[in-house]
Amino acid sequence: MKALIKYVNKIKPHFEEGGKFEKFRSTFEAFETFLFVPDKVTTTGSHIRDNIDMKRTMILVVVALVPALLFGMWNIGYQHFLALGQQVPLWPAFWFGFLKMLPIIVVSYVTGLAIEFFFAQVRGHEVNEGFLVTGILIPMIVPVDIPLWMLSLAVAFAVIIGKEVFGGTGMNILNPALTARAFLFFSYPAWMSGDQVWVAGLKHGLHAVDGFSGATPLAEAAAGKIDQLPSAWHMFMGTIPGSIGETSTLAILLGAFILIYTGVASWKTMLSAFAGGLVMGLILNLFAVNAYMQVPAWEHLVMGGFAFGMVFMATDPVTSAQTERGKWIYGFLVGFLAILIRVLNPAYPEGVMLAILLMNVFAPLIDHYVVEAHIKRRLKRAKVSVQ
Amino acid sequence: MDRVIKLRKGLDIRIQGVAEKNLLSVPPSEVYAVKPIDFQGLTPKLSVRQDDPVKAGSPLFFDKYRPEILFTSPVSGRVKVVLRGERRKILEVQVEADGKQDYIDFGKGDPLKMGREEIIEKLLNSGVWPFIRQRPFDFVANPSDTPKAIFISLFDTAPMAPDYAFILKGQQKTFQIGLDVLTKLTEGKVHLGIHPERSDISFVEALENVEIHSFTGSHPAGNVGVQIHHIDPVNKGEIVWVVNPQDVLTIGRLFEEGRFDARRTVVLAGSEVKKTGYYQTMMGASVEPMVKNNVKEGILRYISGDVLTGKKIEPSGFIGFYDSLISVIPEGKYFEPFGWALPGFNKFSFSRSYFSWLRPRKTYRLDTNLHGGRRAFVLTGIYERVLPMDILVLHLLKAIITDDIDNMENLGIYEIVEEDIALCEFVDPSKTEMQKILRDGINALIKELG
């Protein structure tokens, strides 16, 4: 390691101002700071600083995603062999899923990071760590058989239009991962919905055994086949077809625990989002005119991408509300709208993506009113003290 | 005193090197300095030249825009050098002590029998006045203002901060005279913030003419700004004054002895100090006699003040005008392979992002490494968790960055100074320079207000 530090320090002058490779300074810095926490010391203000930095924050989100990711890999294999009518042990199923998943992840990271590096270079900034999370989120919210060129295009769209045009991580309005998914959903609907895309191989002519439907529970429900819904237990555990990372509520809750315990994501947003979903579910139950509306409110929370969206996407600190009171309102509305769109909208079987994107747009407005109320309270205090 | 104000937000940084409670003497410093840079917003104008003889209490420089405010020498001797920085900015006026300590006599007096004008004049002439600062903005108080109240925090919660109960012991009479002076300066009350466990209750209870308020909680509960916020907040157009506890003694001694007596107990603390403790020295003294042969090997940072808000000084530098603490910590100029990815059992953090949360009582040898790179604001809600005030830190900072004067005022720039958001800066994963941003905002605001 010491030799590496020495080597990096030796080549460093080439990348500094006036050096041979001055143009690649951001790239060099990105690799340097990836290898080491640099030797920068405080110059103004507080002389000591907390150990946490953006890299640590982002890597913790990735860690929190790992349970859902591993489960998703296994579930790819499990669903695939189930379609073939075969029962396979844990490892072969996982291995199958791992091999399916690997290219998706690689493509996502390579495309996204290439663009991030390019923009950092042009702007003369350090490379932002935000894509560490986005790059793994995107593979987890797409169907397994997604063509890689399509994915690559979506990632590019999300990073450039969703993030970099606004100024990069911290400045974007929409969640980049969901921007990628929305792009895919509206550009290539055939690859993003239906009964064929959720299980590896079906889209490519794999013949499923009789009685196997590749449809997600939401698709079944939207089609009115409420009686064909898997049991709530299966939906909670995640042994159902769906986007790669979204199926297991259990694995997602494990991630939620990590996020909340380390303080990286807001428990307020998560809690109020689940509350919002539950309230909408109960309202639908109350006025139920069809079978779908009768689905118990709590079951909605384990179906589809609800849990995944609320835990990992709604809590994105950049695109969610930034005031504490705003987080309660924002979270509640995300959950509320997600179930509303899911059940009452005939065109889209799932509402989570649209609900979060919509509320991303409204989050600054929520914050605005929270801040206004805060200011009003402060001014009132001033008047009281004058009297 | 019945009501205890419980502050639940904040953070006590578990740093190694808290000073032991023993009084130590130190050979007197040969050189003393008064530093214009210790005073926010001051444009100094010299009253002396190099080699001029001075007495303790002789003016060294004054405020260009308020010439009645004098800054005087703590010792008698001669002006050794006027140290200037970029664009001839005056950094230090150094005085070489002659060891005789001749004082200028400003005359004794009983503040309770004196008029307000008379008191102010005495404070101004002796150079004791600058110990009184105003909020908002943390400037030296303006003698023509009448503050709505005066606040003193009798305990300090900053990392390795001095224990004022220990320092003030036995000086009750002088402290009371200092308080009497202050009561004459305001229309309102003199408020004293105490901590039920960290303050000497019998000392406090015997004091007269003051309003006592109890606070509990972690840092920054001891910050006077936080206490003002909970007792009688500063709104636009209002002014309060604040004084440090030891400076109340200096004010008291001026009326008791008739002279500017700059003696001060200064704490030497930090993980790199061999013998920590409470040193009997003087304001403006060189730290050299204290730290010489008293620090460990390595590249060190010397700070006048606490590690969150203090100023970096040289090993031969001088104690700041308002400081009662010298901190010595290691510099953090090193690379750490994959530091951000390791479990981090040994890394202090406010968040639970490293496994150091497994050992909640461990103390740490903290250094000056930035632990990361500068980024845009990403996380939210974390800053408000270390500031027990009704202020939206992130939005205030954004208002400052975007030069939005209205929102700076609305969101509370009149209520906070650097020390109040120092913890926000400490915990920030984006490594933003918040204290600097805040000061820039205050300067922009003052320019706008004219």
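Because the structure is predicted, anything quoted here is derived from the model rather than measured.

The rules behind each value
Residues numbered from 1 in each chain as written. Chains lettered and ligands numbered in written order. Predicted model: local features only at pLDDT ≥ 70, side-chain atom pairs only at ≥ 80, totals over all residues. Helix = DSSP H or I, 4+ residues; strand = E, 2+ residues; numbered from the N terminus. Rg over C-alpha atoms; globule rule 2.2 N^0.38 Å. Buried ≥ 20, exposed ≤ 12 C-beta atoms within 10 Å, placed from the backbone. Contact = placed C-beta atoms within 7 Å. Pairing = 2+ DSSP bridges. Axes fitted to C-alpha atoms, helices over the stretch in contact; angles between N-to-C directions. Expected span 1.5 Å × (residues − 1). Bend = angle between axes of the 7 residues up to and from the residue. Domains from an automatic or database assignment. Nonpolar A, V, L, I, M, F, W, Y, C, P; charged D, E, K, R; others polar. Core = buried A, V, L, I, M, F, W, Y, C linked by C-beta atoms within 7 Å.

### Side note on the overall build of chain A
Reasoning step 1: What chain A contains, in helices and strands, is 17 helices and 1 strand.
Reasoning step 2: In terms of overall dimensions, chain A is globule-like: its C-alpha atoms have a radius of gyration of 23 Å, near the 21 Å expected for 387 residues.
Reasoning step 3: In terms of principal-axis extent, the alpha carbons of chain A reach across some 70 × 70 × 35 Å.
Reasoning step 4: Within chain A, buried positions represent 53% of all 387 residues.
Reasoning step 5: Sequence-distant contacts, at least 24 apart, represent 70% of the contacts inside chain A between residues at least 6 apart.

### Some remarks on the overall build of chain B
Reasoning step 1: Summing up its helical and strand segments, chain B has 11 helices and 21 strands in all.
Reasoning step 2: Scaling as 2.2 N^0.38, a compact globule of 450 residues should have a C-alpha radius of gyration of about 22 Å, and chain B matches this with 22 Å.
Reasoning step 3: Along the three orthogonal principal directions, the C-alpha set of chain B runs to about 65 × 50 × 50 Å.
Reasoning step 4: For chain B, the residues scored as buried account for 54% of the 450 residues in total.
Reasoning step 5: Within chain B, contacts between residues separated by at least 24 positions form 69% of all contacts whose residues are at least 6 apart in sequence.

### Some points on the sheet that holds strand 4 (residues 44–46) of chain B
Residues and elements named next belong to chain B.
Reasoning step 1: The strand order 4-6-7 describes an open sheet built from 3 strands, whose pairing is antiparallel. Strands with a single pairing partner mark the edges of an open sheet, and in this sheet they are strand 4 and strand 7 (70–72). Recorded for the sheet is a direction-independent mean angle of 30 degrees between the axes of neighbouring strands.
Reasoning step 2: The sheet contact formed by strand 6 (residues 59–63) and strand 7 spans 3 bridges and is antiparallel. Counterpart to Phe62 in the pairing with strand 7 is Leu70.

### Points about helix 3 (residues 54–83) of chain A
All names here are of chain A.
Reasoning step 1: A rise of 1.5 Å per residue sets the reference length of helix 3, with its 30 residues, at 44 Å; its end C-alpha atoms lie 42 Å apart and thus fit the reference within 8%.
Reasoning step 2: Along helix 3, the largest kink reaches about 40 degrees and is centred on Val66; proline Pro67 follows within four residues of it.
Reasoning step 3: Where burial is concerned, most of helix 3 is hidden: 23 out of the 30 residues are buried.
Reasoning step 4: Remark: Gly85 follows helix 3 within two positions and exhibits a positive phi of approximately 80 degrees.

### Here we look at the sheet that holds strand 3 (residues 31–34) of chain B
Residue and element names in this part refer to chain B.
Reasoning step 1: Reading across the sheet, the 4 strands line up as 3-9-8-5 and stay open at both edges, with antiparallel pairing between neighbours. Every other strand in the sheet has two partners, leaving strand 3 and strand 5 (53–54) as the edge strands with one partner each.
Reasoning step 2: Pairing of strand 5 with strand 8 (residues 77–84), which is carried by 2 bridges, proceeds in the antiparallel orientation. Bridging across to strand 8, Val54 finds its partner in Gly77.

### Concerning the pairing of strand 16 (residues 263–269) of chain B
All names here are of chain B.
Reasoning step 1: Among the 7 residues that make up strand 16, 6 are buried, leaving the element largely enclosed by the rest of the structure.
Reasoning step 2: The pairing of strand 16 with strand 17 (residues 277–282) spans 6 bridges and is antiparallel. Within strand 17, the position partnered with Val266 by the bridge is Tyr279.

### Describing unusual backbone geometry
Residues and elements named next belong to chain B.
Reasoning step 1: In this structure, the amide linkage connecting Arg135 to the following residue, Pro136, adopts the cis form with an omega of 0 degrees.
Reasoning step 2: Mapped onto the elements of the fold, Pro136 is located in the loop between strand 10 (133–135) and strand 11 (139–140).
Reasoning step 3: Omega for the bond connecting His219 with Pro220 falls within 30 degrees of zero, at 10 degrees, which places this linkage in the cis form.
Reasoning step 4: Residue placement: Pro220 occurs in the loop between strand 14 (211–216) and helix 5 (224–231).
Reasoning step 5: Backbone geometry places Asn293, a non-glycine residue, at a positive phi of 55 degrees.
Reasoning step 6: Assignment of secondary structure puts Asn293 in the loop between helix 7 (288–291) and strand 18 (300–304).
Reasoning step 7: Located in the positive-phi region is Asp403, a residue other than glycine, with phi close to 60 degrees.
Reasoning step 8: Structurally, Asp403 is set in the loop between helix 8 (393–401) and helix 9 (405–410).
Reasoning step 9: Taking the number of C-beta atoms within 10 Å as the measure of exposure, Asp403 has 13 and is therefore partly exposed.

### Examining the domain arrangement of chain A
All names here are of chain A.
Reasoning step 1: Domains assigned within chain A are domain 1 (2–35), domain 2 (54–208 + 230–264) and domain 3 (265–387).
Reasoning step 2: Using only C-alpha atoms to locate each centre, domain 1 and domain 2 end up separated by 32 Å.
Reasoning step 3: On the domain 2 side, the residues contacting the 4 residues of domain 1 number 7 residues.
Reasoning step 4: Classifying every residue of the side of domain 1 that touches domain 2 gives 1 nonpolar, 2 polar and 1 charged.

### Concerning the nonpolar core
Reasoning step 1: Counting 238 residues, the largest nonpolar core has A:Val334, A:Ile356, B:Val393 and B:Leu396 as the members making the most contacts within it.
Reasoning step 2: It is helix 3 of chain A that provides the largest number of residues to this core, a total of 15 residues.
Reasoning step 3: Setting aside residues up to four positions removed in sequence, A:Ile356 forms contacts with A:Asn175, A:Leu178, A:Gly309, A:Met313, A:Ala314 and A:Val334.

### Thoughts on the environment of B:Arg116
Residue and element names in this part refer to chain B.
Reasoning step 1: Looking at the element boundaries, Arg116 is found in helix 1 (residues 116–126).
Reasoning step 2: For the pair Arg116 and Thr183, spaced 67 residues apart in sequence, the C-alpha separation works out to 9.6 Å.
Reasoning step 3: Not counting chain neighbours up to four residues away, the residues in contact with Arg116 comprise Lys184 and Leu185.

### A look at helix 16 (residues 324–344) of chain A
Reasoning step 1: With 21 residues, helix 16 of chain A should cover 30 Å at 1.5 Å per step; its first-to-last C-alpha distance of 30 Å lies within 8% of that length.
Reasoning step 2: A large share of helix 16 of chain A lies buried, amounting to 17 of its 21 residues.

### Considering the environment of A:Ser187
Reasoning step 1: Tracing the backbone shows A:Ser187 in helix 7 (residues 176–187).
Reasoning step 2: Residues A:Ser187 and A:Val209, spaced 22 residues apart in sequence, show a C-alpha to C-alpha distance of 31 Å.

### Re the interface of chain A and chain B
Reasoning step 1: Opposite the 50 residues of chain A that make contact, chain B presents 61 residues.
Reasoning step 2: Elements with a contribution of two residues or more to the side of chain A that touches chain B: helix 2 (25–35), strand 1 (36–37), helix 3, helix 11 (249–262) and helix 17 (352–386) of chain A.
Reasoning step 3: Looking at the side of chain A that touches chain B element by element, the count peaks at 7 residues for helix 17 of chain A.
Reasoning step 4: Taken together, the residues that form the side of chain A that touches chain B break down as 20 nonpolar, 19 polar and 11 charged.

### Section: the domain arrangement of chain B
Residues and elements named next belong to chain B.
Reasoning step 1: Along its sequence, chain B is carved into domain 1 (4–257), domain 2 (267–330) and domain 3 (370–449).
Reasoning step 2: Distance between the C-alpha centres of domain 1 and domain 3: 26 Å.
Reasoning step 3: Counting residues at the interface gives 19 residues for domain 1, matched by 14 residues for domain 3.
Reasoning step 4: Of the residues belonging to the side of domain 1 that touches domain 3, the class tally is 9 nonpolar, 7 polar and 3 charged.

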